[in-house]
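Next come the chains, spelled out residue by residue.
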Amino acid sequence: MVAFFSGRRYNVNIRRDKIPARRECIVKIRLATAFSGIGAIEQAFKRMNVDHEIVFACDNGDIDIDVNTDDELKKIKRMQTVEEKREYVRQLYREKSRRQNFVEISYLDNYCVDDDNYFYDVKMLDGTDFFNKVDWFVGGSPCQSFSIAGARGGFEDTRGTLFYEYVRLVKEINPQVFIYENVYGVLTHDKGRTWATMQNVFSELGYHIKWQILDSRNYGIPQGRRRLFVVGFKDVEAYQRFKFPEPIDLKFTMQDFLLDNCADGNFNYDANGNIVLTSGGQVVERYLSQKLIDYVMSPGTKNFYHENAEIDLPIARAILSTQGNSHRSSVNNYVTTNGRIRALEPRESLRLMGFPDSFKITVSRAQSYKQSGNSIVVDVLMAISKQILAAIGE
């Protein structure tokens, strides 16, 4: 099936009665991502069988280097080619840090994208190189304190934040649609002034936006994870037609996703992108010591006190980027296997973010935990994407 967007024709599984009658040559969706992580929207498109090409991805793997990024970006913008700019930034990272970009490893091992289309730093990425070359631009800047300098609360007032870098790229790339994700606390930060500023910024850029808080438990994944999603359209008619997806009944529990009940390789999806679990589990023998059990089951201290020390929850608590550490069970997820307590395995954490077992884990346990905890839930992006495609195709 197909959906149309700005004169382009896309392959996608949506209702045939949403498809206009005209016929044009098939062209892939041109997708670009910032703060790309392990590719949640890319995984969503794979599960939905949406024909797409990755124009670029960008993520520095949480590596900080000591440079003046404003000065460096000015220098980069004077360079002649994309290749020269990309290699210059990579060389800066080689000179300033010995750390390896593990996010890049996971991304390139799982998606069809050339190394030359993977960039290291949104703060030093020249979006003008991709002006009008991207249809969908997707990303979620890390939750970071906002410094609102001016009374108007516009584009320039967000300078110094990673949100500024995201909207700068929107401005320079000029995509037809963007999806922006962040923690829902943005709405109440600084008594609502932060969110008011963000809305003003998107409006200044010429986009019509709709936003909503979505919880992954309402879109097929047994995890309590509430996030703010903002969808922006250049086309006002598509904006008017777009509606956020309605919640669906939850068919699975966290226990269904455990390796105990669904062995590695048995968590997949069907032709429509729906999760399919094959019966047959495997033994997981990585248990907590009694010392760790006493710690994680304790309510904490007066400075960090939580009474709710439950385990084996049917709906997981929000997956953390620090879940590889032994947090108390009031904030982390623990399960019982053969009468003994254990933490979630990396594969189980990925499943709870909507990544099937075909997603290759080629980094350490610690890095895999971190990457899944930093990701966006794939199934939520699938639900949003179907609504966008329907709005565009009407």
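The shown structure was predicted, so the numbers you read here are calculated from the model rather than taken from an experiment.

## Remarks on the environment of N60
Turning to step 1, where the next piece is worked out: Mapped onto the fold, N60 is located in the loop between β4 (52–58) and α2 (69–77).
Turning to step 2, where the next piece is worked out: Residue N60 is classed as buried on the basis of its relative accessible area, which comes to 18%.
Turning to step 3, where the next piece is worked out: Put simply, N60 and Y93 are 33 residues apart on the chain and 9.1 Å apart in space, counted from C-alpha to C-alpha.
Turning to step 4, where the next piece is worked out: Setting aside chain neighbours within four positions, we find N60 in contact with Y93, N101, Y120 and D121.
Turning to step 5, where the next piece is worked out: Polar side-chain contacts of N60 include one of 3.0 Å to the backbone nitrogen of D62.

## Regarding the packing of aromatic side chains
The geometry of an aromatic ring pair is captured by two quantities: the separation of the ring centres and the angle between the planes.
Turning to step 1, where the next piece is worked out: Following the criterion strictly, the structure yields 23 aromatic pairs and no others.
Turning to step 2, where the next piece is worked out: Ring geometry for W195 versus W211: centroids 5.2 Å apart, planes at 75 degrees, classification edge-to-face. Of this pair, W195 sits in helix α6 (residues 193–204) while W211 sits in strand β8 (residues 208–215), and the two are 16 residues apart along the sequence.
Turning to step 3, where the next piece is worked out: The buried category is assigned to W195, whose relative accessible area is 6%.
Turning to step 4, where the next piece is worked out: Taken together, F56, F119, F130, F137, F163, Y166, F178, Y180, F202 and Y207 form an aromatic cluster joined through their ring pairs.
Turning to step 5, where the next piece is worked out: The ring of Y184 carries the charged tip of R226 above its face, separated from the ring centre by 4.3 Å.

## A look at the packing of helix α5 (residues 162–173) against α6
Turning to step 1, where the next piece is worked out: Across the interface, α5 lies against α6 with an axial gap of 10 Å and an inter-helix angle of 15 degrees. It follows from the interaxial angle that α5 and α6 lie roughly parallel. When you trace α5 past α6, the crossing you get is right-handed. Along the contact surface, α5 presents F163, Y166 and V167, while α6 presents M198, V201 and F202.
Turning to step 2, where the next piece is worked out: Considering only residue class, the contact of α5 with α6 consists of six nonpolar, no polar and no charged.

## A few points about the pattern of salt bridges
Turning to step 1, where the next piece is worked out: Within the structure shown, the criterion is met by 23 salt bridges.
Turning to step 2, where the next piece is worked out: For R168, the salt bridge identified is with E172, shortest N-O distance 3.0 Å. With a gap of four residues between them, R168 and E172 both fall in helix α5, about one helical turn apart.
Turning to step 3, where the next piece is worked out: For E172, a relative accessible area of 13% gives the class buried.
Turning to step 4, where the next piece is worked out: The network of salt bridges with shared partners includes K77, K85, D126, D129, E165, R168 and E172.

## Quick notes on helix α11 (residues 378–393)
Turning to step 1, where the next piece is worked out: The end-to-end C-alpha distance of α11 is 22 Å, a good match for the 22 Å that 16 residues give at a rise of 1.5 Å each.
Turning to step 2, where the next piece is worked out: In terms of residue burial, α11 counts as a mostly covered element, since 14 of its 16 residues are buried.

## Focus on the confidence of the model for the chain
Turning to step 1, where the next piece is worked out: Averaged over the chain, the pLDDT score is 88; the fraction of residues at 70 or greater is 86%.
Turning to step 2, where the next piece is worked out: The secondary-structure element of the chain with the lowest mean pLDDT is strand β1 (residues 2–5), recorded at 43, while helix α9 (residues 346–351) shows the highest, at 98.
Turning to step 3, where the next piece is worked out: Low confidence marks residues 1–26, where pLDDT is under 50. Its contacts with residues over four positions away, or in another chain, come to 70 contacts.
Turning to step 4, where the next piece is worked out: Within the model, the stretch residues 146–152 combines pLDDT values under 50 with 15 contacts to residues more than four positions away or in other chains.

## Concerning the nonpolar core
Turning to step 1, where the next piece is worked out: In this structure, W136, F229, F355, I384 and I388 are the most contacted members of the largest nonpolar core, which totals 68 residues.
Turning to step 2, where the next piece is worked out: No other element matches α11, which puts ten residues into this core.
Turning to step 3, where the next piece is worked out: Apart from the residues lying within four places of it in its own chain, the contact partners of I384 are I179, L214, F229, V231, F242, F244 and P245.

## A word on the packing of helix α1 (residues 40–48) against α11
Two quantities define a packed helix pair, namely the angle between the axes and the distance from one axis to the other.
Turning to step 1, where the next piece is worked out: The N-to-C vectors of α1 and α11 enclose an angle of 65 degrees; their axes lie 9 Å apart at closest approach. In this view, α1 runs roughly perpendicular relative to α11, as classed from their interaxial angle. Of the two possible hands of crossing, α1 and α11 adopt the one that is right-handed. Packed against α1, whose contacting residues are A40, I41, Q43, A44, F45, R47 and M48, the element α11 presents V378, D379, L381, M382, S385, K386 and L389 at the interface.
Turning to step 2, where the next piece is worked out: Of the residues contributing to the contact of α1 with α11, the split by class is nine nonpolar, two polar and three charged.

Basis of the calculations
- Residues numbered from 1 in each chain as written.
- Predicted model: local features only at pLDDT ≥ 70, side-chain atom pairs only at ≥ 80, totals over all residues.
- Heavy atoms only, no water.
- Helix = DSSP H or I, 4+ residues; strand = E, 2+ residues; numbered from the N terminus.
- Buried < 20%, exposed > 50% of the residue type's maximum accessible area, 1.4 Å probe, protein only.
- Contact = heavy atoms within 4.5 Å.
- Polar contact = N/O pair within 3.5 Å; in protein donor to acceptor, adjacent residues only side chain to side chain.
- Phe/Tyr/Trp six-rings, centres within 6.5 Å; stacked < 30°, edge-to-face > 60°.
- Lys NZ or Arg CZ within 6 Å of the ring centre and 35° of its normal.
- Axes fitted to C-alpha atoms, helices over the stretch in contact; angles between N-to-C directions.
- Parallel < 35°, antiparallel > 145°, perpendicular 65-115°, else oblique.
- Left-handed = near helix turned anticlockwise from the far one by under 90°.
- Nonpolar A, V, L, I, M, F, W, Y, C, P; charged D, E, K, R; others polar.
- Salt bridge = Lys/Arg side-chain N within 4 Å of Asp/Glu carboxyl O.
- Expected span 1.5 Å × (residues − 1).
- pLDDT = per-residue confidence, 0-100.
- Core = buried A, V, L, I, M, F, W, Y, C linked by side-chain atoms within 4.5 Å.

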